[in-house]
Amino acid sequence: MVVNNKVDTLTYDVEAAQARVSGAAAGAKTPPPPPPHQHQHVAELHKVSAPERRSTARALGQRLAEIFFPDDPLHQFKNQSLARKLVLALQYFFPIFDWGSHYSLKLLRSDAIAGLTIASLAIPQGISYAKLANLPPIIGLYSSFVPPLIYALLGSSRDLAVGPVSIASLVMGSMLREAVAPEQQPILYLQLAFTATFFAGLFQASLGFLRLGFIVDFLSKATLTGFMGGAAIIVSLQQLKGLLGIVHFTTHMGFVDVMASVVKRHSEWEWQTIVMGLGFLAILLGTRQISARNPRLFWVSAAAPLTSVIASTIISYFCRGHAISIIGDLPRGVNPPSMNMLTFSGSYVALSIKTGIMTGVLSLTEGIAVGRTFASLNNYQVDGNKEMMAIGVMNMAGSCASCYVTTGSFSRSAVNYSAGCRTAVSNIVMAAAVLVTLLFLMPLFHYTPNVILSAIIITAVAGLIDFRGAAKLWKVDKLDFLACLAAFFGVLFVSVQVGLAVAVGISLFKILLQVTRPNTVVKGVVPGTQSYRSMAQYREAMRVPPFLVVGVESAIYFANSTYLVERIMRYLREEEERAAKANLCSVRCVVLDMTAVSAIDTSGLDALAELKRVLDKRNIELVLANPVGSVTERMYNSVVGEMFGSDRIFFSVAEAIAAAPYKTVQP
């Protein structure tokens, strides 16, 4: 039969069913006659076929491959010689051998400019963020030297600029400070920081090696928006100590404790420090606005921190003795080894592991998000699992070279991108600039005032407060907005880790809610088509009595199978009540549209069988429409396939409607 005849037949069957019901309500005895050319045959129906049979081992292998190797990393090794495979493997694990083979002097010029530009930002930020983590300022510079070199060898992003970041520094500082006071036990605190960095790197590298990067995705955008906003405010409030010149300040991170300490210690405020701090803060914020309004002037914002450090140091030198707190002496030289400071026993191991995992997840999320963002701008791909391994290895190595947790920084990466970097060599140039600073320029930072570091930190974290993002969450998804608020207020009024834990818990609750209470809809036919759509979405869609078409928009699992049966029975009750009020015939057939059912387990199959038995007792037919391949395979391999048979599983809802009158609804 030709396609047109088949479509005409299906169209007529739907219209005939509608006409029968309309005629019955109006007193008509028979439906209108069919077109003459359709008297001789019945509509052609398509058989729903199960996929090709697979062995258990093959099915399991394909499933695991989709989970752990969705990018098919071994594809490039097919049909290659042994020597070529070795070269490809070397380039895969060390991307520098890939792009390094065609590196040129022109690329070096661009990378050198970008590297020197981000170095001017990395040096003051490194010192500032180390202070945020309650670490000696020199640790921040150490962390801007070794990790970028390692990332340049292993990383797959061309634009990522590596170094300490504010969020990881804040979390590490707040979590470790709860157990150890850095002022009273500086050596122990330093040991815990290095050990936590090692565990962070081990966790990150393990995720990449085992290809479990999807775990990081549980930190939703809503969670991070609220968390970073709350953390930015807490970080800014903590800097009031340096901005006001307070000597004795609270060690707690909560909003109430910080503000109480600021008011209580008002006698320690120093007007010289306040004037200098507010002046440079205004300059730094002003340069950010200039660069934001005119991206070509990115260098204004990038150079502002180092310029401010130089200017404030000069002012502090000439005003020494005027109650302006300074950094003091910083040791000169390259990173000393710290492997002997790693502690894997004792009462603080659990704290180190917890801190390492928390900071590792946050830094990994930020680094991969930043790398993917700039990769999309330059139209290239970033391998998430390789990035995890690169970031993890550089943190493990950094923990042995007096570094703390590092990752890809958004602010530095944005400057790196704007400055025209072409490859990861910009990180090498930045590390070289930091090395020169460590070897020769450290005495110049002696008179650098602490207040300028506080101003730099406040300027850096101010951009993390995303009011527009929160407003969009409220407009689009109220539950996401709730997770955002939970993270924000949890960080602000309780603690950083509690706020993050509550937000992640709400995100997981949202997932459970969607799994256990999936969306279901009643569908109707759109006039003039064979398309069945949600009647709540398409107002022109019409019911086709005596059929009830229900669409399930989720996989059917043990967690929602009972609910789905109850929901379908409720739809049936509501439809029968509506039909009784309108003096129409009751439902004779339920069509379950399984187009959006992506998977089904044994509990779901049992639920379908139970639903069919319940409807059979009420003389109501249950038919299935358009199950996907994996669902069809499982149905045919279970009792459901025997109960329904091929005559109750249809290619589409339209064919189910067209075929059902011959079995259940007589004219």
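Below or above, wherever it landed, is the structure these notes cover.

Rules used throughout
Position numbers for residues start from 1 in each chain and track the written sequence from start to end. Note on the predicted model: pLDDT of at least 70 is required for a residue's local features to be given, and 80 or more for side-chain atom pairs to be given and counted; whole-chain, interface and lining totals, by contrast, use all residues. The basis for every side-chain value is the complete set of non-hydrogen atoms in the structure, without hydrogens or water. With axes taken as lines fitted to C-alpha atoms, and helix axes fitted only over the stretch in contact, angles between N-to-C directions fall between 0 and 180 degrees. Here a helix means four or more residues in a row that DSSP labels H or I, a strand means two or more in a row labelled E, and each is numbered from the N terminus. Here the word oblique covers every angle except those under 35 degrees (roughly parallel), over 145 (roughly antiparallel) and from 65 to 115 (roughly perpendicular). Note on convention: near helix rotated counterclockwise from far helix by under a right angle means a left-handed crossing. Clockwise means right-handed. Residue contacts are defined here by distance: any two heavy atoms, one from each residue, within 4.5 Å place the two residues in contact. Note on residue classes: Ala, Val, Leu, Ile, Met, Phe, Trp, Tyr, Cys and Pro are nonpolar, Asp, Glu, Lys and Arg are charged, and everything else, Gly too, is polar. DSSP bridges decide pairing: two strands pair if at least two such bridges lie between them. Exposure classes here rest on a 1.4 Å probe applied to the protein chains alone. A residue is buried below 20% of its type maximum, exposed above 50%, and partly exposed in between.

### What to know about the packing of helix α21 (residues 478-493) against helix α22 (residues 496-516)
At a minimum axis separation of 6 Å, α21 and α22 run at an interaxial angle of 165°. On the basis of their axis angle, the class for α21 and α22 is roughly antiparallel. Note that α21 runs across α22; the crossing there is right-handed. The residues of α22 that touch α21, namely those facing Leu479, Asp480, Leu482, Ala483, Ala486, Ala487, Gly490 and Val491, are Val496, Gly499, Leu500, Val502, Ala503, Ile506, Ser507, Lys510 and Leu513. When grouped by side-chain class, the residues that make up the contact of α21 with α22 number 12 nonpolar, three polar and two charged.

### Topic: the sheet that holds strand β5 (residues 547-552)
Taken in spatial order, the six strands line up as β4-β3-β5-β6-β7-β8 in an open sheet, and their pairing is mixed. Each end of this open sheet is capped by a strand with a single partner; those strands are β4 (532-534) and β8 (649-650). Note: strand β3 (residues 520-525) against β4, three bridges, orientation antiparallel. Note on β4: the bridge partner recorded for Lys523 is Ser534. Docked against the sheet, helix α23 (residues 561-581) engages β3, β5 and β6 (589-593), running at close to 150° with respect to β5.

### Concerning the pairing of β3
Within β3, six of the six residues are buried, which leaves it mostly tucked inside the rest of the structure. Of the two faces of β3, the one carrying Thr520, Val522 and Gly524 and the one carrying Val521, Lys523 and Val525 are both buried. Two elements, β3 and β5, share four bridges in a ladder whose sense is antiparallel. Counterpart to Thr520 in the pairing with β5 is Val552. What sits between β3 and β4 in their antiparallel hairpin is a turn of six residues, with Gly528 showing a positive phi close to 85°.

### Focus: unusual backbone geometry
Of the consecutive residues Pro545 and Pro546, the connecting peptide bond is found in the cis state with omega at 5°. Within the secondary structure, Pro546 is located in the loop between β4 and β5. Even without being glycine, Asn134 reaches a positive phi, approximately 65°. Its place among the elements puts Asn134 in the loop between α5 (105-132) and α6 (137-142). With a relative accessible area of 23%, Asn134 lands in the partly exposed category.

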